Amino acid sequence: MYLALAETFVNGFALFMIALGIGVLTRFAGPAGTLGLIPALNIFGFPMSHAVGTGIVCLLGRAVMDTFREGSFTNPDFRRGILLGLQIAAGVSIGKVLLLTMADANVTGPPLRWFYIVVLLAYGLLYTFGRRGLTPVPCPRLAPLLPLAGVTAGILMGLTGMDAALLALPALAVAGLKQEETRATAALAGLLATGWGAFTFSFGGRVEVAAVILILLGMTIGEQVGLLCQRRVPHLAVRPLAGAALAITGLAVALKQFGLTTPGGYLVWAASLLLVLFVFIRALVGSRRVVVVPRSASDRGTV
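Now for a quick tour of the structure. (Residues numbered from 1 in each chain as written. Predicted model: local features only at pLDDT ≥ 70, side-chain atom pairs only at ≥ 80, totals over all residues. Heavy atoms only, no water.)

What to know about the packing of helix 6 (residues 146-160) against helix 7 (residues 165-175)
How two helices pack is summed up by the angle between their axes together with the distance between the axes. One way to put it is that helix 6 packs onto helix 7 with a least axis distance of 9 Å and a crossing angle of 170 degrees. As judged from the angle between their axes, helix 6 and helix 7 are roughly antiparallel. Packed against helix 6, whose contacting residues are Leu146, Ala149, Thr152, Ala153 and Leu156, the element helix 7 presents Leu167, Ala171 and Leu172 at the interface. Grouping the amino acids of the contact of helix 6 with helix 7 by side-chain chemistry returns 7 nonpolar, 1 polar and no charged. (Axes fitted to C-alpha atoms, helices over the stretch in contact; angles between N-to-C directions. Helix = DSSP H or I, 4+ residues; strand = E, 2+ residues; numbered from the N terminus. Parallel < 35°, antiparallel > 145°, perpendicular 65-115°, else oblique. Contact = heavy atoms within 4.5 Å. Nonpolar A, V, L, I, M, F, W, Y, C, P; charged D, E, K, R; others polar.)

Some details on a nonpolar patch on the surface
On the surface, a cluster of nonpolar side chains totalling about 750 Å² of accessible area is made up of Leu228, Leu273, Leu274, Leu277, Phe280, Ile281, Leu284 and Val285. With respect to the element layout, Leu273 can be found in helix 11 (residues 261-285). (Patch = residues over 30% accessible without salt bridge, like charges linked within 9 Å, V, L, I, M, F, W, Y side chains within 5 Å. Areas by Shrake-Rupley, 256 points an atom, 1.4 Å probe, with all protein chains shown as cover. Salt bridge = Lys/Arg side-chain N within 4 Å of Asp/Glu carboxyl O.)

Section: the packing of aromatic side chains
By convention here, two paired aromatic rings are described through the distance between centres and the angle between planes. Enumeration over the complete set of coordinates arrives at 7 aromatic pairs. Between Phe199 and Phe203, the ring centres sit 6.2 Å apart and the planes meet at 20 degrees, which makes this aromatic pair stacked. Taken together, the positions of Phe199 and Phe203, both in helix 8 (residues 179-203) and 4 residues apart, correspond to about one turn of that helix. A relative accessible area of 49% means that Phe199 is categorised as partly exposed. Here Phe203 falls in the exposed class, since its relative accessible area comes to 70%. With 6.4 Å between their ring centres and 10 degrees between their planes, Tyr266 and Trp269 make a pair best called stacked. One end of the pair, Tyr266, and the other, Trp269, are both in helix 11, 3 residues apart, so they sit about a helical turn from each other. A cation over a ring is seen here: Lys96 above Phe201, with NZ or CZ 5.9 Å from the ring centre. (Phe/Tyr/Trp six-rings, centres within 6.5 Å; stacked < 30°, edge-to-face > 60°. Buried < 20%, exposed > 50% of the residue type's maximum accessible area, 1.4 Å probe, protein only. Lys NZ or Arg CZ within 6 Å of the ring centre and 35° of its normal.)

Focus on the pattern of salt bridges
Enumeration according to the criterion identifies 2 salt bridges in this entry. Glu223 is the partner of Arg27 in a salt bridge, and the nearest nitrogen-oxygen pair spans 4.0 Å. Highlighted residues: Arg27 in helix 1 (residues 12-29) and Glu223 in helix 9 (residues 209-230), separated in sequence by 196 residues. An identical accessibility class is assigned to Arg27 and Glu223; each is buried. Across the pair Arg62 and Glu223 runs a salt bridge, and its minimum N-O distance is 3.3 Å. In this pair, Arg62 sits in helix 3 (residues 48-70) while Glu223 sits in helix 9, placing the two residues 161 residues apart along the sequence. Given the relative accessible area of 11%, Arg62 is considered buried. A single network of salt bridges, built from pairs that share partners, joins Arg27, Arg62 and Glu223.

If you want it as C-alpha cells, here you go:
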C-alpha cells in the first residue's frame, strides 16, 4: 500500500493483522489496548507524525462506533464532559504544535519510541501480574485539578497519539463522579477531543485515509472476536495474555529503536496473530455457559 502523504509503502496485510490484535486488546484492556497502534504504525513504515495523525482518526472512529453500539451516553455529566472535552482539545492543539516542531527538526522518532517502550512495558507488567486493577480513590478536593488533567491528556494525545481516556477516566473517578457516570462522561469528552484532533491533523496533511479504513475494519472485527471470547471465558483468564501482548509490543518498539526494524515488525505481527488465534480458540472451546463480565477495568475508571 502506497501512502501518498508520507510518500512511502507499507504492508497493508500487516496493518490489518495489527488492527485485529488491537481490537481484541481493547475488549480486555480498555483504552490501554490502543497503546500499540502508534508504535506499530511507525515500525511498519509510517513517519511518526503521520502515525499519530492516523491513529487519532482511528480513535475517533472507534469512539463513534463504540458509542452507538453500546450506548455510552447513558447518564453522562454533560457539563463536565463538554468542559473536559474542550480542555483536552486545547491540549491536543499544543501537542500537535510540539509534534510538528519536532518533526521539522527530524527528532520525532526516538523520544516517542522511548515513551512508548516505557508505557507499554509498564502496562504489560500491570496486566500480566496484577490480578485486579488499581481503582482510583475518590477525592472531591482534587476536582479543581481536573482541567489540568484534561490539558495534560490532550497534550499527550496530540504529541504521542495516546488515548486521552487513559488519564481522563481515572481523573474523573478521583474527582468524585459515580462509576456509572465516569465512562459516559469520558466518552463525551473523548468524542469532542478526538473529533478536534482528527480535524486538525487532517487539515495538516498527517492522516492517511486508506490506512484509517483498513485499521478501523480490522479493529472492528477484532473487537467482535474479543466480545465472543469475553462472553464465554472468564475475564481474568485473558487479562495476562493481554498484558503479555502489550509487553511484547514494547520489546518490538525497542528493537525498532536500536535499528532492528525487520525483527521488530515480525515480533509485533506475530504477537498480534497469536493473540487473535488464542482468543478465538478459547472462545470456541470455552464454557458453553455464557459468562457475563463487565467492561474492562480501564473502561470503569481503573487501570
